[in-house]
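A look at the structure
What follows is the residue order along each chain.
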Amino acid sequence: MYISRPGITSAAGLTSPALWQAICKADNSCMKKTSTFNSKEYIAARIPDSSLSASNAEFDMKVIRIENAALSQIDSVIEKALSKYGKERIAVCVGTCDNGSEFSLAGHRVYFEKGAFDKEYTIEMQGADYVATFVSKKYDIKGPSLAFTTACSSSAAAALKAKELISAGFADAAIVGGVDIASDTTLLGFDSLGAVSAQATNPFSKNRSGITLGDGAAFFVLSRDFIDRDFAKIKLSGFGMSSDAYHITSPNPTGEGAAKAMQDAIEDAGLRAEEIGYVNLHGTGTLFNDAMEAKALSKVFASYPVPASSTKSITGHTLGAASALETSICALALKEGLLPPQKWDGIYDTELPAVNIVSTCEKVLNLKNILTSSFAFGGANFAEVLSLEED
């Protein structure tokens, strides 16, 4: 199945070209000090409200405005899919961890002050389906419309379901993506786990101290046929999934579940590990994730120092949107033949198995296959392989 050009909105770049420029420069200047409603300060990659336009949605909130901004960048591709397949044969699959937290926080503040919700507040504002329902309504799509919440791998779950729907004949194409925000609820929640870094995230460094959360959305069209002829001919060629069920928030420290997802994705693509030219790491910058992921990588690429990097060091960790965002970055990397660098201090944690970190934007001849991974709370592990086809 073919992946179209992506539409991207993030703090590191409000459009796909702008984000790609930031990636190539390893520019993480979007990570700035921000405050929550209780005046607690964090470093986060938040999109300024002034950079977003109204979405005309029934429930217009920041997460939907970000989603709409990303979708608008691929309007022409969606129109091609609608023209070719019809609105009944297109699915919508969206991943997120946010369910109207903007309205929830405001509504509950009123409730705690007055003993009752504001008359304009309704629980429908917090419908977990709304990120998918909005897309279906925006384009008058009549196919399956599904929202996914598997924490940080939510949009990977969305992409897998889209692939399954097309393979099973329920759809010919799907609008796939993810959207999330570094809401006050999210910042305070991750802080309670001791996972938020006081500085910009520093993945795989000896000095790493946690994640930097961020806003973001990324969308693309996954289709049975190659319809976006103004973009590179890129296939979502392999998928792998596993479930650790090790701990509700901690990954399995052995990396076995993560390794299985990666190995299965490579095999599903009909490839060997040595044919993967680059790995986009989950790379959150937490002590546990990076240690686990380095072990997993050493299992899958035991005899091959595959180039790898965490682009979360530039975009921030966009949670439910992370997989779609990083899949989109990988598609752009294949198109341009460039390896995305990682922004970090360069001091690798030598207690971990060695990882061949890409620190500068590198041109690579014959870059054909890329692996990208997402590992989530509860051990919901996903990996995808993207492959560039010759015309």
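Across the 8 residues that make up strand 9 (residues 216-223), a large majority, 8, are buried. Neither face of strand 9 is open: one carries Gly-216, Ala-218, Phe-220 and Leu-222, the other Ala-217, Phe-219, Val-221 and Ser-223, and all of them are buried. Pairing geometry for strand 1 (residues 2-3) and strand 9, over 2 bridges, is antiparallel. For Tyr-2, the partnering residue across the bridge sits in strand 9 and is Ser-223. Two strands pair when backbone bridges link them, and strand 2 (residues 7-10) and strand 9 are joined in this way by 4 bridges, in the antiparallel orientation. Each bridged residue has a counterpart across the sheet, and for Gly-7 the counterpart in strand 9 is Phe-219. Sheet topology places strand 7 (residues 173-180) next to strand 9; 8 bridges connect them, and they run antiparallel.

Bringing the side chain of Ser-136 into the picture now. Position of Ser-136 among the secondary structure elements: in helix 5 (residues 130-139). You can call Ser-136 buried: its relative accessible area is 10%. If we ignore the near neighbours within four places in the chain, the residues touching Ser-136 are Val-92, Ile-141 and Ser-145.

Peptide bonds are, in most cases, trans, and in most cases residues other than glycine have a negative phi. Positive phi, close to 70 degrees, is recorded for Ser-39, a residue that is not glycine. Looking at the secondary structure, you find Ser-39 in the loop between strand 3 (32-35) and strand 4 (41-45). Non-glycine residue Asp-140 carries a positive phi angle of around 55 degrees. If you trace the backbone, Asp-140 turns up in the loop between helix 5 and strand 6 (145-148). The partly exposed category is assigned to Asp-140, whose relative accessible area is 33%.

Moving on: the environment of Glu-113. Structurally, the position occupied by Glu-113 is in helix 4 (residues 101-114). Overall, Glu-113 belongs to the exposed group, its relative accessible area being 65%. Separated by 198 residues in the primary sequence, Glu-113 and Thr-311 place their C-alpha atoms 42 Å from one another.

A few words on helix 2 (residues 62-72). For helix 2, the buried fraction is high: 9 of the 11 residues fall into the buried class. Buried within helix 2 are the following residues: Lys-62, Val-63, Ile-64, Arg-65, Ile-66, Glu-67, Asn-68, Ala-70 and Leu-71.

Rules used in this analysis
Counting from 1, residues in each chain are numbered in the order their sequence is written. A pLDDT threshold of at least 70 governs which residues receive local features in this predicted model, and a stricter bar of 80 or more applies before side-chain atom pairs are shown or counted, although totals over entire chains, interfaces and linings include all residues. Side-chain metrics rest on all non-hydrogen atoms present in the structure, leaving aside hydrogens and water. Only protein chains enter the accessibility calculation, which uses a 1.4 Å probe; a residue is then buried when its area is under 20% of its type maximum, exposed when over 50%, and partly exposed in between. Helix and strand definitions follow DSSP, with helices as H or I runs of at least four residues and strands as E runs of at least two, each counted in order from the N terminus. The criterion for strand pairing is that DSSP finds at least two bridges linking the strands in question. In this analysis, two residues are considered to be in contact whenever any of their non-hydrogen atoms come within 4.5 Å of each other.

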